[in-house]
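Topology and contacts: notes
Given next are the chains, with one letter for each unit.
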Amino acid sequence: RDWLQNKINLSSHTQSGLDLVERYIKFVKERTEIEQNYAKQLRSLTKKYYRRGSKEEQECRYSNHASFQDILNELNDYAGQRELIAENMMTGICVELTKFLQDLKQERKSHLSDAKKAQQTLESSFKHLESKRFAKEWAEAEKATQQADKTESDPNATKPDVEKARQHAHARTHTAEECRNDYAAELQKYNKEQNLFYYIEIPQFFNKLQEMDERRIRRLAGGYCQFSDIEKKVLPIISKCLEGISAAGGKVDEKQDSMLLIEQHKSGFEQPGDVEFEDYSHGIKPATSESSLNAPKVRAKLWPFGKKHKPPPAEDFSHLPPEQRKKKLQAKIDDIAKELQKTQDQSDALEKMRGVYEQNPQLGDPSSLEPQISETSQNIGRLRGELTKYEVGKNWDSNTLRGFLENVLSEQLESQHLYSEFDDEFDDVQTPIGQCKAIYTFEGNSEGTISITEGEQLSVMEDDKGDGWMRVLKANGEEGYIPSSYVKLVS
């Protein structure tokens, strides 16, 4: 009875241990799902705020913009480490423990099965022993002996009757003796099997279950430690990501950003001098009808989008301030250089093709390529000339530019149109470079934009520079910026 109770207790205990392993595996799986979802949300967040495009790339020249992009990059790497934690937990803990659990279940089942077989064998031996008891045979032998004695003492009994009774008693006694010997042999066998069961098989069964359960506990404890160790392994990289975020914040330089903005947008002109006093008491006709102490009306022409018709801008951009002129010239030089390289590549290809035709006349006539070769050579000469012209213009020193501007200013002062001649510097009005038609209505509420209506014909003054905006001129003379996607270019 004690053995059966212990068996039940051990079976329940080992099953409880296996259930704990299975529960821990489920716990780690849910943790990995949390890590994966966290990493996925972090990647979506960084992708949402990451700036792309020409305008964004231009803004990233400023340290505060660039540092934010660095933070997003570091956070994206941080998300990768969270994914690595989830992957290592799944493979190192869940997969390995699941396989270990299956082995334990099979081993436990085998041990319980062996114990059950041993118990059934012992019970079968005991039942066989019970069947060998000779109490009935011994009682029959005693009864037969008593009957023989009674027959022998009976004076009326004949000698054959006595002899028959004695033989019957002897046979019964012999049978009882044989059963007694069989019972003794079976009892010896049962006692041997019982000793084997209780002193060898049962202890072995207990020891195997104990060893299995302790092995389960050790492996589960290792899984507990792995839960922490897996994350500890990536902590140095996570720390670097966090240090990178801190470093990105430390790289922000407000003074450098301010100077970069100033350098990008400075005009290069000196501040205007004081307005000279006009002495009307000497009979000099005033330049305006306003008081001499007030600014002349013509100064209002300094503001952009004036309606006065102005000649097209100079080809060398001399109508622009020095810094802006340099930028325009550099952009022009870059465009010409690209076109020159493209034309040079085309010329090289034509020369190679002519060489192939000369070696293999069946492929084509070399003379047929002469017009194209001549045209590309002329284009190369023209582009090289333009490139040289713009490079020379770009290399004007500041003194030459200053002298040029002083000459222009002196001529304008003489004609009393000091400010009107500089409208181009602020209006940036040019000859239309094309025509377009509005396909949507746009309300221009912000500074520098204009409103357009669907179907309205517009003149393109400045094409889209990659930021999604273009400058147009309306029929009423109103000029400003609109979204490029709201119009359709027409020939």
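Keep in mind that this is a model prediction, so the values were computed, not measured.

Moving on: the sheet that holds strand E4 (residues 479-483). On the basis of which strands lie adjacent, the open sheet formed by five strands has the order E4-E3-E2-E1-E5 and antiparallel pairing. In the strand order of this sheet, the two ends are held by E4 and strand E5 (487-490), each with one partner. Neighbour to neighbour, the strand axes of the sheet diverge by 45° on average, direction disregarded. As paired elements, strand E3 (residues 469-473) and E4 share five bridges and run antiparallel to each other. Bridge pairing in E4 links Met470 to Ile482.

Summarising burial for strand E2 (residues 457-462): five of the six residues are buried, a large majority. With four bridges connecting them, strand E1 (residues 434-438) and E2 associate as antiparallel partners. Considered in E2, the bridge of Lys437 is made with Gln457. In terms of strand pairing, E2 meets E3 through three bridges, oriented antiparallel. Among the inter-strand pairings, Val460 is bridged to a residue of E3, identified as Val472. The antiparallel hairpin formed by E2 and E3 contains six residues in its connecting segment, where Gly466 sits at a positive phi of about 105°.

Turning next to the UniProt feature "coiled-coil region" (unreviewed entry) in the protein chain. Taking the numbering used here, the UniProt-annotated feature "coiled-coil region" (unreviewed entry) corresponds to residues 326-360. Along residues 326-360 the backbone is 97% helical and 0% strand, and the end-to-end C-alpha distance reaches 50 Å.

About the cut-offs
Each residue is numbered by its place in its chain's sequence as written, counting from 1. Since the coordinates come from a predicted model, pLDDT governs what is reported: local features require at least 70, and pairs of side-chain atoms require 80 or more to be given and counted, while whole-chain, interface and lining totals use all residues. Only hydrogens and water are set aside when side-chain values are computed; all heavy atoms of the structure are taken into account. Each pair of strands is called paired provided DSSP finds at least two bridges between the two strands. Elements are defined by DSSP. Helices are runs of H or I of four residues or more, strands are runs of E of two residues or more, and each kind is numbered from the N terminus. To obtain each axis, a line is fitted to C-alpha atoms, and for helices this fit is confined to the stretch in contact; angles are then taken between N-to-C directions over 0 to 180 degrees. Each residue gets one of three labels from its accessible area relative to the maximum for its type: buried under 20%, exposed over 50%, partly exposed in between, using a 1.4 Å probe on protein chains only. UniProt positions are given in the numbering used here, feature names are shortened, and annotations may be inferred rather than shown by experiment.

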